[in-house]
Amino acid sequence: MGELLYGSELSEKLKGEMRDKVIQYGKEGRRPPRLDTIVVGDDPASLSYIKGKKKACEFVGIRNVVHQLPATVSQRELEQLIQSCNKDEMCDGILLQMPLPDGLDANRAILAIDPDKDVDGLHPLNVGRLYAGEPCFAPCTPVGIMLILDAMGCAIEGMRAVVIGRSRLVGNPVARLLQDRNATVTIAHSRTRDLAALTKQCEIVVAACGQPEMLDHTYVKEGAYVVDVGINRKEDGHLCGDVKTEDVLPYVSYVTPVPKGVGPMTICSLLHNTLKAYEKRCFK
Ligand code: NDP
């Protein structure tokens, strides 16, 4: 029988460890780390994410400055704000909340962020560094997935891994991070033929395809480590992942539930990246 790995519990543990670090830095007379969040418009989902991030920052002792801009802001004004955060010595990380309202160019705005403050790992320089195997900020969800695999006690090195999904934010970067840890990685997508035959050969399965409960026990190898990234809304209104959790549980070593799995780790990784940016700036 496998076990459920709750990202909600793991993130509490990791946040506690980060908090201890920040307290220690304070005792050494150092200033607290700071994350600047830029939010444009009043999309309710974005505002709720911002609230969650602010609460998590407060717990760890990271100052969170929220810059709220109206949906009517121009590209130039948005980029000017980003430039002022880049120049601000007290700001360690910049988070531009997505999606941006229509009329604003997200790619151009991301390009304006100082890559050393790009704690979301979206700047092309960080993307390039990730693929070149150089130190960088990787996107938060993939970082969270790697922390989960480590907490599962999964060796990663030498294992066969399949990542289902090839998006810029999740599938591709997590495949790269797995490769960096010496897994042998296959990326599957919507045109992959006989997916179950492929996943059944793999010790690690990262499901990030956004297909409600698509993977049942016929997709998993005995003893596999399964990370379910998907967030889907069922007809009854409940959330579910890409994996039929209860169905695979008897066959796997570990599987993450949805909700309380990968989701809470994404914010935790943002704090992790912010602390990394702070340490890089303060200890150079
Ligand atoms: P995208 O829609 O950008 O990508 C989905 C990927 O899945 C694509 O590469 C697509 O293939 C592939 N795919 C779709 N259907 C199938 C299928 N039947 N078989 C195999 N592959 C398939 O999604 P994201 O990567 O942004 O997100 C994936 C899921 O993760 C979503 O449910 C999202 O809500 C969730 N998510 C969760 C986060 C968290 O914090 N827990 C954070 C981010 C996302 P193709 O390229 O061929 O179209």
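Here the structure is a predicted model, which is why all the values come from computation and not from measurement.

Asks: Would you mind going over helix α1 (residues 7-27) with me for this structure?
Replies: Turn by turn, an α-helix covers 3.6 residues, leaving residues three or four places apart pointing in a common direction. For α1, built from 21 residues, the straight-helix expectation of 30 Å at 1.5 Å per residue is met to within 8% by its first-to-last C-alpha distance of 30 Å. The inward-facing, buried residues of α1 contact α2 (44-60), α6 (140-151) and α10 (262-282). After α1 finishes, the residue G29 shows a positive phi value of roughly 85 degrees.

Asks: How should empty space enclosed by the protein be read in this particular structure?
Replies: If a probe as big as a water molecule is rolled over the atoms, it shows which places are left empty. One pass over the full model with this rule turns up one cavity of 30 Å³ or more. A volume near 30 Å³ is recorded for the largest cavity. If you go around the largest cavity, the residues you meet are I94, L95, L96, I110, I113, D118, D120 and L122.

Asks: Help me understand the nonpolar core in this model?
Replies: By size, the foremost hydrophobic cluster in this structure holds 50 residues, and its most contacted members are I145, L149, L178, I204, V206 and V227. Residue assignment for this core shows that the elements contributing at least two residues are α1, α2, α6, β5 (160-164), α7 (171-180), β7 (204-207), β8 (225-228) and α10. The biggest single contributor to this core is α10, with eight residues. When neighbours within four sequence positions are excluded, V227 is seen to be in contact with I145, I148, L149, M152, V205, V206, A207, T256 and V262. One finds L195, A207, V243 and V255 within the second-largest nonpolar core, a separate group that totals 18 residues.

Asks: Sorry, what's going on with the packing of α2 against α10 here?
Replies: Think of two packed helices as two axes; the pair is described by the angle between the axes and how far apart they sit. Contact geometry for α2 and α10: axes closest at 10 Å, N-to-C directions at 50 degrees. On the basis of their axis angle, the class for α2 and α10 is oblique. Judged by the sense of rotation from one axis to the other, the crossing of α2 with α10 is right-handed. On α10, the residues touching G52, K53, A56, C57 and V60 of α2 are I267, L270 and L271. Tallied by class, residues from the contact of α2 with α10 come to six nonpolar, one polar and one charged.

Asks: Before we go on, may I ask you to explain the packing of aromatic side chains in this structure?
Replies: To describe a pair of aromatic rings, you give the distance between the ring centres and the angle between the ring planes. With the rule as written, the count across this model stands at three aromatic pairs. Ring centres of Y25 and Y278 lie 5.7 Å apart, and the angle between their planes is 50 degrees; on these two criteria the pair is classed as tilted. Taken as a pair, Y25 in helix α1 and Y278 in helix α10 lie far apart in primary sequence, 253 residues in all. As far as burial versus exposure is concerned, Y25 and Y278 are alike and both buried. Taking 6.4 Å as the distance between ring centres and 20 degrees as the angle between the ring planes, the aromatic pair formed by Y225 and Y254 counts as stacked. Pair noted here: Y225 is in strand β8 and Y254 is in strand β11 (residues 254-255), with a separation of 29 residues, a long-range link. Across the pair, Y254 and Y225 agree in class, each one buried.

Asks: Honestly, the sheet that holds strand β4 (residues 93-96) in this entry has me stumped. Any pointers?
Replies: Backbone hydrogen bonds hold the strands of a sheet together, and the pairing may be parallel or antiparallel. Reading across from one edge, β3-β2-β4 is the order of the three strands in this open sheet, with parallel pairing throughout. Single-partner strands in this sheet number two, and they are β3 (63-69) and β4. Averaged over neighbouring strand pairs, the angle between their axes works out to 20 degrees when direction is ignored. Note: strand β2 (residues 34-40) against β3, seven bridges, orientation parallel. From the neighbouring strand, I38 faces β3, where its bridge partner is H67. Sheet strands in contact with α2 are β2, β3 and β4, and its direction is about 160 degrees off that of β3. On the sheet, helix α3 (residues 75-87) packs against β2, β3 and β4 and is oriented at approximately 180 degrees with respect to β2.

Parameters at a glance
- Residues numbered from 1 in each chain as written.
- Predicted model: local features only at pLDDT ≥ 70, side-chain atom pairs only at ≥ 80, totals over all residues.
- Heavy atoms only, no water.
- Helix = DSSP H or I, 4+ residues; strand = E, 2+ residues; numbered from the N terminus.
- Expected span 1.5 Å × (residues − 1).
- Contact = heavy atoms within 4.5 Å.
- 1 Å grid on protein atoms, 1.4 Å probe; cavity = no way out; pocket = protein on both sides within 12 Å on 5 of 7 lines; lining within 4 Å.
- Points joined across faces, edges and corners; volume = space filled by probe spheres on them.
- Core = buried A, V, L, I, M, F, W, Y, C linked by side-chain atoms within 4.5 Å.
- Buried < 20%, exposed > 50% of the residue type's maximum accessible area, 1.4 Å probe, protein only.
- Axes fitted to C-alpha atoms, helices over the stretch in contact; angles between N-to-C directions.
- Parallel < 35°, antiparallel > 145°, perpendicular 65-115°, else oblique.
- Left-handed = near helix turned anticlockwise from the far one by under 90°.
- Nonpolar A, V, L, I, M, F, W, Y, C, P; charged D, E, K, R; others polar.
- Phe/Tyr/Trp six-rings, centres within 6.5 Å; stacked < 30°, edge-to-face > 60°.
- Pairing = 2+ DSSP bridges.

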